[in-house]
Structures are given as structure tokens and as C-alpha cells.
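# Summary of the model geometry
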Amino acid sequence: MNGNGPLEMRPERPPLQEGPRPSGNSRRAWIRRPDRLLAGGLTVIAHLGLFATLFWPRAVPPSMHVPPPPPSLEVSLIDLPKPESLAPPKPTMLEPASPDSAVQPPRFVTAAPIVPVANRPAPDTSDILSKSELAGATSVGDGAGGGGCHTAWDVQQALRRDPLVRAAVEDAHRLGKAIMLWNGDWVRSGEQDGKGLSAVREAIVWELAFTPEACRNERVHGLLLLSLADGSTRFAIGSGEWRWSDLLGLHKVSSDR
């Protein structure tokens, strides 16, 4: 007989001891507990992966710095003249030196003799008048050249206006002196080449050339003094009785002569 006998013949199993069954809410919470554990584990794993991703060391790519383009250059083409072809210099043939030119004979230089100061000739001052020689001379402005003519005054003003006159006096070292200029003939002053201090003589002759003839032939007596603007440089003209025309070398033949 197999175990599949009638129910009446089967031995009864002892009844299972049933404990207290959970209530409806407790049962649902007991069923959902594994799901919560799985979800919590997955959340932890996700957070760990996120932190690992954020804090995992990685190489920083270099900054892509693009240098600015260089400034544009303007190029201008200029046509330069072509340099002229320079021909090589022609060689210069030198003549061979003569044997006589190799040795130069000594040259002797003769120095000029030194003249002692005591033996030097004294400068010529014969044209300079002393105070005694000037005694009785007439100065311009004291009535010289009376009548209607003022020839002496005009000649004196011409001498004062001419800068060459003062330069000639300074060159002859006669500044501030009384100089004998004409005593019937023009007098040489010191070592001057011309007589009568050339610039002074020319200024007087030029002024007399434009003086009326009647005034040139007017008689003058004695020594006449013409002065420069400084008053100390004077020119003595005349001797005895004379005329201004005598300074020009002109002699008028008159009935009273």
C-alpha cells in the first residue's frame, strides 16, 4: 500500500505552532525592508562615484593662447639709380730718385741781427707841435676865415664826419696830439707813406673841391687849428699869408699879388 491511501488512514501531522502574525502595516514594512536596503546601498554607491568623479586628479589642458597677428608692414619699392662703374685708378709711374736727391746738403739760416733798444732810431715826431709852437694860432670859431665864407668851419666838420680820418690818426699814433698838416706843403707824419696823413688830406681836398671859388681864394693869416670831436686832436694848417686854394695846388694870378 502506497502512501496515497484514503485520507482517513493517513496519520495526522502535528499542527504547526503559529506565532503571532504581524498586522497589516507591520507586514508591509517587513516586506519593504529589503527594498530600502538596496536603494540605500545604491544611493551610497552613486554618491561615492560622484565624489570620485569630482575629486579625481586630472591634467589641466594648457590655455590655448593665440598670439595676436603681427602688424602689417608696408613695403614701398624705390628705383635706386644704378651706381656708376668705377674704373680702377691708373697706376702712376714714379721716376726713380736720383742719387743726388737722397742726401740733402745742410742749410744755414742766418738770423737777422738784433738791434739793441738803445741803438734803435727814435720815432720821428717832427710833425707834432709843442705848446710854444701853438702860441698865437687861431682855432676855428675864433673868427678864422672872416667875411661871408665859413670854409674853415666846413672843412673841420668834414674831418669830424669821416671815420677814416680818426682811423688814420690812430694808426699814426697821433691821437690827442697837435699835428702840423700843411705849412706850404703837406707834412709827413711819422712813418706814414703819404704826406699829410693820406685820409686827412683827401678829406680836406674833397671838401675844398666843392667850395665856391671866392671862398677858396680868401686870404688867411697865420696858423689855423682844425680839431676833431674829442677837442684834443688838432691839425695845424698855414704859414704866413695863404689861401685855401694853395692846398689844392691852385694859384690865382690877381692884380693885388
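Here we summarise the structure given alongside this text. The structure presented is a predicted model; accordingly, all values stated were derived computationally and were not measured.

Let us look at the packing of helix α3 (residues 151–161) against helix α5 (residues 198–209). In the contact formed by α3 and α5, the axes pass within 9 Å of each other and the chain directions differ by 135°. Our classification of the angle between α3 and α5 gives oblique. Between α3 and α5 the crossing geometry is right-handed. Where α3 abuts α5, its residues T151, D154, V155, A158, L159 and R161 lie against V200, A203, I204, E207 and L208.

Before going further, it helps to spend a moment on the environment of S189. Relative to the assigned elements, S189 resides in the loop between β2 (178–182) and α5. As a C-alpha pair, S189 and V169 span 20 residues in sequence and 9.4 Å in three-dimensional space. Setting aside chain neighbours within four positions, we find S189 in contact with D127, R174, I179 and L197. For S189, the side chain forms a polar contact with the side chain of D127, separated by 3.0 Å.

We now examine the state of the cysteines. The final tally for this structure, using the stated rule, is one disulfide. Note on cysteine connectivity: C149 is disulfide-linked to C215, with sulfurs 1.9 Å apart. Judged by the torsion about the S-S bond (-80°), the C149/C215 disulfide is left-handed. Taken together, the positions of C149 in the loop between β1 (138–139) and α3 and C215 in helix α6 (residues 213–216) put the pair 66 residues apart, joining distant regions of the chain. One exposure class covers both C149 and C215, and it is buried.

Summed over all chains, the structure comprises four salt bridges. For E241, the salt bridge is made with R219, and the minimal N-O distance between the two is 2.5 Å. Of this pair, E241 sits in strand β6 (residues 241–243) while R219 sits in strand β3 (residues 219–221), and the two are 22 residues apart along the sequence. The network of salt bridges with shared partners includes R166, E170 and D230.

In terms of strand pairing, β2 meets strand β5 (residues 234–237) through four bridges, oriented parallel. By the bridge assignment, I179 is partnered in β5 with F235. Bridge count for strand β4 (residues 224–227) against β5 is four bridges, and the pairing is antiparallel. Looking at the pairing, L225 lines up with A236 of β5. Between β4 and β5, which pair antiparallel one after the other, the connecting turn spans six residues, and G231 there sits at a positive phi close to 80°.

This part takes up α3. Regarding α3, the residues found buried are T151, A152, V155, Q156, A158 and L159. When α3 is viewed along its axis, its buried side chains cluster within an angular range of 160° and face the same direction. The secondary structure elements touched by the buried residues of α3 are α4 (163–171), α5, α6, β4 and β5.

A few words now on the sheet that holds β2. With respect to topology, four strands assemble into an open sheet ordered β1-β4-β5-β2, the strand pairing being mixed. In this open sheet, the two strands that pair with only one neighbour each are β1 and β2.

The rules behind these values
Residues numbered from 1 in each chain as written. Predicted model: local features only at pLDDT ≥ 70, side-chain atom pairs only at ≥ 80, totals over all residues. Heavy atoms only, no water. Axes fitted to C-alpha atoms, helices over the stretch in contact; angles between N-to-C directions. Helix = DSSP H or I, 4+ residues; strand = E, 2+ residues; numbered from the N terminus. Parallel < 35°, antiparallel > 145°, perpendicular 65-115°, else oblique. Left-handed = near helix turned anticlockwise from the far one by under 90°. Contact = heavy atoms within 4.5 Å. Polar contact = N/O pair within 3.5 Å; in protein donor to acceptor, adjacent residues only side chain to side chain. Disulfide = S-S within 2.5 Å. Buried < 20%, exposed > 50% of the residue type's maximum accessible area, 1.4 Å probe, protein only. Salt bridge = Lys/Arg side-chain N within 4 Å of Asp/Glu carboxyl O. Pairing = 2+ DSSP bridges. Arc of directions from axis to C-beta.

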